[in-house]
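What the coordinates show
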Amino acid sequence: EKGGYDYFMLKEIAEQPKAVADTLLGRIDANGRLTLDEVRIPDAVLRETDKIVIVACGTAFHAGMIAKYAIEHWTRIPCEVELASEFRYRDPILNPRTLVVAISQSGETMDTLMALRHAREQGSKVLAICNTNGSTIPRESDAVLYTHAGPEVAVASTKAFLTQLVACYLVALYLGQVRGTKWGDEITSVIQELADISRQVDQVLETMEPVRELARSLKDKNTVLFLGRHVGYPVALEGALKLKELAYMHAEGFAAGELKHGPIALIEDDLPVVVVVPSPRGRSVLHDKIVSNIQEIRARGARTIVIAEEGDEAVVPYADHLIRIPATPVLLQPLVSTVPLQVFACELATARGNEVDQPRNLAKSVTVE
Ligand code: M6R
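What you see is a predicted model; the values in this text were computed from it and never measured. (Residues numbered from 1 in each chain as written. Predicted model: local features only at pLDDT ≥ 70, side-chain atom pairs only at ≥ 80, totals over all residues. Heavy atoms only, no water.)

This part is about the state of the cysteines. Under the definition given, this model contains zero disulfides. Free of any disulfide, Cys 168 has its nearest cysteine sulfur in Cys 79, 8.9 Å distant. Given a relative accessible area of 4%, Cys 168 falls into the buried group. (Disulfide = S-S within 2.5 Å. Buried < 20%, exposed > 50% of the residue type's maximum accessible area, 1.4 Å probe, protein only.)

If you want it as C-alpha cells, here you go:
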C-alpha cells in the first residue's frame, strides 16, 4: 500500500501533483470562472461578509496564514488567522457577518472543532476546508469545501497542506469573483495559472536529488533556521515544523524582516539557514530586502540554503546551496516552495534513523484539547 515507497510520507509527497489537480477538478468552468456551488453559503451572504477569521492548528494553520495574504489582496475583506487552540479563550469578536474558515485535514481536531462551535454559537457562518468526507468538522459547519488529497497516512502533513492552499486560493478568488474587486483581471489570470501548478509541482519533484544530498550532509547539525517574507514566511514556519516533528531538531522559522530585531544574534559559523526568496517580479522590493538579509547572515558565517525562482540571478553570489523552483504568480509560490522543505525534512529524518511516518510523541489526529 506504500506503492513501492519506503514510507507513506514519500508516497504522499510524490502524490502532490495529482492531489493539487484533483482539488481543482470541476471547480473551474469552461470560461475560466470558479464554480463553487458546493459551498452552500449563498453569494448574498458572501457579499455581506465584513470579516474573515481562519482557525486551524499546525500545518493547517500555516495554510491559513498564507490564505490571509490571498484573501486580503483579492477581496479587500479584513482577515485574521488564529491558532484554533487560542481562539475561543480570548472572547473573540464575532457576528453573523463574520465568515469563519476552519481548516483541518482530518476533520477531527478537537481544538479546531471547539473553535468552530464557539463561532457558530455567536451566529457566524463556518466554512470548513477539510480532507475527510463526513468527518466531524464538516458535519458541524455551515458549508464545506473538500480538498481531494486522498487519505494522508504519514503523521507529517504534506499533500493535505498543498491542497489546503489550493482550497484557500479558491475561496479567496471566489470571494473576489462574487464581490467584484479591482483585481478582476488578475483573478482571471491567476485562475489560469493555478491550473498549471500541478505540472510545476511535478517539475520540482524531479529535481530533488541535490536537496536529499544536502539533507544527509546536515544530519549531525543541532539547529536549522528558516527565513521567509510575505507568503514565504508561513512557508518558513512550515519548513521548521516539518524538521521538528520528523528530524527532532531545533528548527525555527522567522519573518526575515525580524532578523535584526533579535534572531540574527543566533547566527554563528556554519549554521544552516534556509531562505525562501520571494519572486523578483511582483513585489520586488521584498526580493531586494531578502537578498540583503542573505548577505547579512552570510557575512556572519551562516551556511545559506536559498530557495529561489528560476532566473533569479541576484541570489547566486550569496547562496552556498541554491534550490530552484519554477516561477509562479507571487501569491501562489508556497505551492512550489514548500515541496523542497518536505523532502529536506524527510531525508534528514531518515539520515538520523528516525521513524518517518510515526514520529515520537505525535498522533495523526489530535482529538483532545
Ligand atoms: O487534521 P488537522 O489538519 O486538523 O491537523 C492539524 C495538525 O495537528 C497537523 O497539521 C499537524 O501539525 C501535522 N502533524 C503537521 O505535519
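Alright, that's what it looks like, and here's the rest.
The immediate surroundings of the ligand are formed by 13 residues, with Ser 104, Gln 105, Ser 106, Thr 109 and Glu 245 found nearest. Between the ligand and the protein, one listed contact pairs an oxygen atom with a side-chain N or O atom of Ser 106 at 2.6 Å. Here Lys 242 contributes a side-chain N or O atom positioned 3.1 Å from an oxygen atom of the ligand. At the level of secondary structure, the elements contributing two or more residues to the shell around the ligand comprise helix H4 (58-75) and helix H11 (232-247). Tallying contributions element by element places H4 first for the shell around the ligand, with three residues. Looking at the shell around the ligand, its residues break down into four nonpolar, seven polar and two charged. (Near = heavy atom within 4 Å. Polar contact = N/O pair within 3.5 Å; in protein donor to acceptor, adjacent residues only side chain to side chain. Helix = DSSP H or I, 4+ residues; strand = E, 2+ residues; numbered from the N terminus. Nonpolar A, V, L, I, M, F, W, Y, C, P; charged D, E, K, R; others polar.)

Turning to the environment of Ile 323, a few remarks are in order. Locating Ile 323 in the fold gives a position in strand S10 (residues 321-325). Distance in space between the C-alpha atoms of Ile 323 and Val 178 is 38 Å, their sequence separation being 145 residues. Those residues within four positions of Ile 323 in sequence are excluded, and the remaining contacts are Met 208, Val 211, Ile 305, Val 306, Ile 307, Ala 308 and Pro 340. (Contact = heavy atoms within 4.5 Å.)

In the structure shown here, the tally under the stated rule is 26 salt bridges. Residue Lys 18 pairs with Asp 22 through a salt bridge whose shortest N-O separation is 2.7 Å. With Lys 18 and Asp 22 both in helix H2 (residues 16-24), this residue pair falls four residues apart, about one helical turn. Residue classification places Asp 22 among the partly exposed positions, given a relative accessible area of 22%. (Salt bridge = Lys/Arg side-chain N within 4 Å of Asp/Glu carboxyl O.)

Reading across the sheet, the five strands line up as S2-S1-S3-S4-S5 and stay open at both edges, with parallel pairing between neighbours. Unpaired on one side and paired on the other, strand S2 (79-83) and strand S5 (143-146) mark the two borders of the sheet. Each strand of the sheet is rotated relative to its neighbour by a mean of 20°, with strand direction disregarded. Lying over the sheet, helix H6 (residues 110-121) contacts strand S1 (51-56), strand S3 (98-104) and strand S4 (125-130), oriented at roughly 165° with respect to S3. (Pairing = 2+ DSSP bridges. Axes fitted to C-alpha atoms, helices over the stretch in contact; angles between N-to-C directions.)

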